[in-house]
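# Coordinate analysis (summary)
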Amino acid sequence: MSGTSKKSEKDSKKIEQLQDYMSDADGKVMRTRQGLKINDTNNSLKAGPRGATLLEDFLLREKITSFDHERIPERIVHARGSGAHGIFELYESQGKYTKAGIFNDTDRTTPVFVRFSTVAGSKGSPDLARDVRGFAVKFYTDEGTWDLVGNNMPIFFIQDAMKFPDLIHSVKPEPHREIPQAASAHDTFYDFVSLTPETLHNHIWAMSDRGIPRSLRMMEGFGIHTYRLINDKGESHFVKFHWKPVLGVHSVTWDEAVKINGADSDFHRRDLWEAIEAGQFPEWELGFQIVAEKDEHKYDFDLLDPTKLIPEEMVPVTLVGKMTLNRNPENFFAETEQVAFLPGNIVPGIDFSNDPLLQGRLFSYRDTQLSRLGSPNFHQIPINRPVGDSHNNQRDGHMQMDIPKGNTAYFPNTLGGGCPHMAKISEGAFNSFEERIDASKIRTRSKSFIDFFSQPALFYRSLETWEKQHVMEAYSFELGKCTHEHIVERMLWMIKQIDGDLAKKVANNLGMDIPKSIDQPINQAIGADANVSDYQPGKAKNYLDKSPALSQANTKFSTIATRQIAVLVADGFSMKDYKAMTEELKKEKAMVKLVAPHGGTVTCDSDMEHKVDAAISTTESVLFDAVYIPGGKKSIETLISTAKYLKFINEALKHCKAIAVDNEGEQLLDKTYGADFKKDKAIFINKSPKDFIKAIANHRNWERLDGIDKIPA
Ligand code: HDE
């Protein structure tokens, strides 16, 4: 790339900005909601220029009334979210398992809308909270809308919907002073978790790197519950749904997360938006994990238990299609805020299992939309409308947007010609899978669910050393924020059931001992009349030593597309170095950003002006994936004398990122802790761009963890 003139830079920026702000009112005159033209939207109607405002002022009242009612209740959970439009395409017909049109017709392009979210925080909370992420997909299929409302972790905290309000009340800010926001590190959460061992599996996932993703585009998604697929013969197979990101699964470190929340609390939202705007469309492959009906009871865990996953090594994931997100919403409120996901939005060929969590969700979502969106007609909001027809006799209610015609709003009828009439199953009607049920009505938990430690232990065993260290640090941080010793002790005992060494390290960090025993909380967790000896889980089972699929060390490391590369420059930087490196980075579709001592432009040693992407005072190292420092005597002298650059590099080192320097750039590295890491496999001094690119694709050099404690950043 070469530099450009100041004027053309400015002109193109102006055009870009104008396009961003173009609306459907373009070229139109301002009018009231009734269509009246407005000649003054700046001054209210008064009794004289200095007099009181008149009640008569209908223009003021219309404007202010609309403003007063701009907010709707935020979601009780998953309030903070980001959405995008896209498409789903099928690789091969899955007719063997399901009659769903979306899984049979390979010529179809099914429109989708996806909303990613955090769970605990309010709508304005920061993106990098340690939390589960929601991964909700609305498929607008020809047979009706199907919502796959999942998370970025394959299991959930609890086994029964009855416990959901308790779980959420415990993790939300504590009621007396509404602290902490978007954080699980507080007493009420650990009070609940330590008394409710079924939470431990999802909890250890949240404590792992999965709780702090690098990007929404780099997360897996899971339907969590076991569902059913039904083929055209009416046969059922159990299925778990998986989303596999084409970019692989990558995370930031906790130190970065804390700092990103300050430097750019919209980090994930911005990242998703910018990637789509740049035409770097995020992609996921959809996978099925299929279990035959006859194998329902074959496993050491219950398929209906949402705190258990099926290891991929036991039942492989078959990739059946791809989702591509290719369009940003036009309006956040109208689309991302008003979208209403319902696990009960289902299509023929897919059906529910008896997972007691899923069963409860089938009630909750419709109910919550009523108070959030305020009307049973929320399905008429554009983002919630099905793509096909919808005819029935449900009428009226707040904000009816349609004008239903005809005088028969009942069935059966003759006056309306018997319409809308019912469809036969052979004509595509939904019918529930005929599962035989012969049971007593009973309020209890199935004994097949009572194993709380085997899968958290499997997860922990499957992690690489650096991932284990992150988990240990996360437990230490979170429990370190609890002020009640008895809660922390109970947690230490629980962690010991997962892994003794892990518990020891955490206890050590907290300066506490692991208790030999604790009051068994099983009656509290299951029911007042539960018999402790019946329910107490024995030692963790070991039906699989390791599940490599659970470790992020085994994800994809194939591309640097959309990775943010900070290029540290000041006037006089070497154009030769810069060109050689950044041309290669751009070929690989990385986002190259110039970070200079000031905004505007910088001039290279070939006297060309280059647009600055960020002044060093406005940005932070944690917002980038890698750092490149081209040579140039004058440039390096300036950078060395600016302390923020040294901090920038030290932080990148601490976060195990790839750093490349050329020629005089080495002098800057020498002024930082980089001087001690010259043999590190992700530090490159006068090396080929290819090596640097490979290291960026590898995400981080976690081997550096050994030496980074001394870096104070
Ligand atoms: Fe949700 N959940 N949930 N949940 N959930 C909601 O619905 C609920 C659960 C999930 O981007 C709410 O529209 C209950 C599991 C996502 O709009 C609410 C139970 C999974 C989203 C609700 C669960 C999820 C929600 C709040 C236990 C993963 C955001 C606002 C029985 C499979 C969707 C709303 C979006 C949202 C209830 C458990 C995922 C209150 C009662 C398990 C991704 O209805």
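As shown above, the structure is provided for reference.
Report follows, based on the coordinates. Each chain has its residues counted from 1, running along the sequence as written. Predicted model: local features are reported for residues with pLDDT of at least 70 only, side-chain atom pairs are reported and counted for 80 or more only, and whole-chain, interface and lining totals are derived from all residues. Each side-chain value is worked out from all heavy atoms of the structure, with water and hydrogens disregarded.

### Structural notes on the coordination of the iron atom of the ligand
Distances up to 2.8 Å from the metal define which N, O and S atoms are donors, and 3.2 Å serves for Na, K and Ca; water is absent from the atom set, so sites may look incomplete. In this structure, the iron atom of the ligand receives exactly one donor atom from the protein: Tyr365 (OH), at 1.8 Å. Comment: elements are numbered from the N terminus, with helices defined as DSSP H or I runs of at least four residues and strands as E runs of at least two. Structurally, the position occupied by tyrosine 365 is in helix 9 (residues 356-373).

### A short note on the sheet that holds strand 12 (residues 591-596)
Two strands pair if DSSP finds at least two bridges between them. An order of 15-12-11-16-17-18 is seen for the six strands of this open sheet, with the pairing classed as parallel. The open sheet is flanked by strand 15 (614-615) and strand 18 (683-685), the only strands paired with a single partner. Two elements, strand 11 (residues 564-568) and strand 16 (residues 626-629), share three bridges in a ladder whose sense is parallel. Pairing of valine 567 across the sheet is with tyrosine 628, part of strand 16. Contact criterion: two residues are considered in contact whenever any of their non-hydrogen atoms come within 4.5 Å of each other. Interaxial angle, 0 to 180 degrees, is taken between N-to-C directions of lines fitted to C-alpha atoms, where a helix line uses only the stretch in contact. Set on the sheet, helix 16 (residues 575-587) makes contact with strand 11, strand 12, strand 16 and strand 17 (658-661); between it and strand 12 the angle comes to about 145°. Of the strands in this sheet, strand 11, strand 12, strand 16, strand 17 and strand 18 touch helix 18 (residues 643-654), which is tilted by about 145° from strand 11.

### Brief notes about the site of the ligand
The nearness test applies per residue and asks whether one of its heavy atoms lies within 4 Å of the molecule or strand. Taken together, 22 residues surround the ligand, and among them Arg75, Arg115, Ser364, Tyr365 and Gln369 come closest. Between the ligand and histidine 78 there is a distance of 3.4 Å, counted from a nitrogen atom to a side-chain nitrogen or oxygen. Under the rule applied, a polar contact is a pair of N or O atoms within 3.5 Å (in protein, one hydrogen donor and one hydrogen acceptor; residues adjacent in sequence only if both atoms are side-chain atoms). Residue tyrosine 365 places a side-chain N or O atom 2.6 Å away from a nitrogen atom belonging to the ligand. Counting residues per element, the ones that place at least two in the shell around the ligand are strand 3 (133-141), strand 4 (144-151) and helix 9. Top contributing element to the shell around the ligand by residue count: helix 9, with six residues. Throughout, the ten residues Ala, Val, Leu, Ile, Met, Phe, Trp, Tyr, Cys and Pro are labelled nonpolar, Asp, Glu, Lys and Arg are labelled charged, and all others, Gly among them, are labelled polar. Of the residues assigned to the shell around the ligand, the class counts are 10 nonpolar, nine polar and three charged.

### As for unusual backbone geometry
The step from isoleucine 179 to proline 180 runs through a cis peptide bond, and the omega angle for that step is -5°. Structurally, the position occupied by proline 180 is in the loop between helix 3 (164-171) and helix 4 (187-195). Cis geometry marks the peptide bond from cysteine 419 to proline 420; its omega dihedral reads -10°. The residue proline 420 is located in the loop between helix 9 and helix 10 (454-462) in this model. One non-glycine residue, aspartate 396, lies in positive phi territory at about 60°. By relative accessible area, which is 52% here, aspartate 396 ends up exposed. Any residue under 20% of the maximum accessible area for its type is buried, any over 50% is exposed, and the rest in between are partly exposed; the area is computed with a 1.4 Å probe on protein chains only.

### Considerations on the pairing of strand 7 (residues 236-245)
The buried count for strand 7 comes to 10 of 10 residues, which makes it a mostly enclosed element. Because side chains alternate across strand 7, one face comprises the buried residues Ser236, Phe238, Lys240, His242 and Lys244, and the other comprises His237, Val239, Phe241, Trp243 and Pro245, equally buried. Sheet topology note: the strand 5 (residues 221-222)/strand 7 ladder contains two bridges and is antiparallel. What sits directly across from phenylalanine 222, in strand 7, is histidine 242. In this sheet, strand 7 lies alongside strand 6 (residues 227-230) in antiparallel orientation, the contact comprising four bridges. In the sheet register, isoleucine 230 faces strand 7, and the bridge partner there is serine 236. As consecutive antiparallel partners, strand 6 and strand 7 are separated by five residues, and within that stretch glycine 234 has a phi angle of approximately 85°, a positive value. Two strands pair when backbone bridges link them, and strand 7 and strand 8 (residues 283-292) are joined in this way by nine bridges, in the antiparallel orientation.

### Things to note about the packing of aromatic side chains
Any two of the Phe, Tyr and Trp rings considered here, Trp counted by its six-membered ring, make a pair once their centres fall within 6.5 Å; the pair's planes then place it as stacked at under 30 degrees, edge-to-face at over 60, or tilted in between. Scanning all chains against the criterion turns up 27 aromatic pairs. With a centroid separation of 5.4 Å and an interplanar angle of 85°, the aromatic rings of phenylalanine 135 and tryptophan 284 are classed as edge-to-face. With phenylalanine 135 in strand 3 and tryptophan 284 in strand 8, this pair connects stretches of sequence that are 149 residues apart. Since its relative accessible area comes to 1%, phenylalanine 135 is described here as buried. Taking 6.1 Å as the distance between ring centres and 15° as the angle between the ring planes, the aromatic pair formed by phenylalanine 139 and tryptophan 243 counts as stacked. With a gap of 104 residues between them, phenylalanine 139 in strand 3 and tryptophan 243 in strand 7 connect regions that are remote in the sequence. There is no split in this pair, since phenylalanine 139 and tryptophan 243 are both buried.

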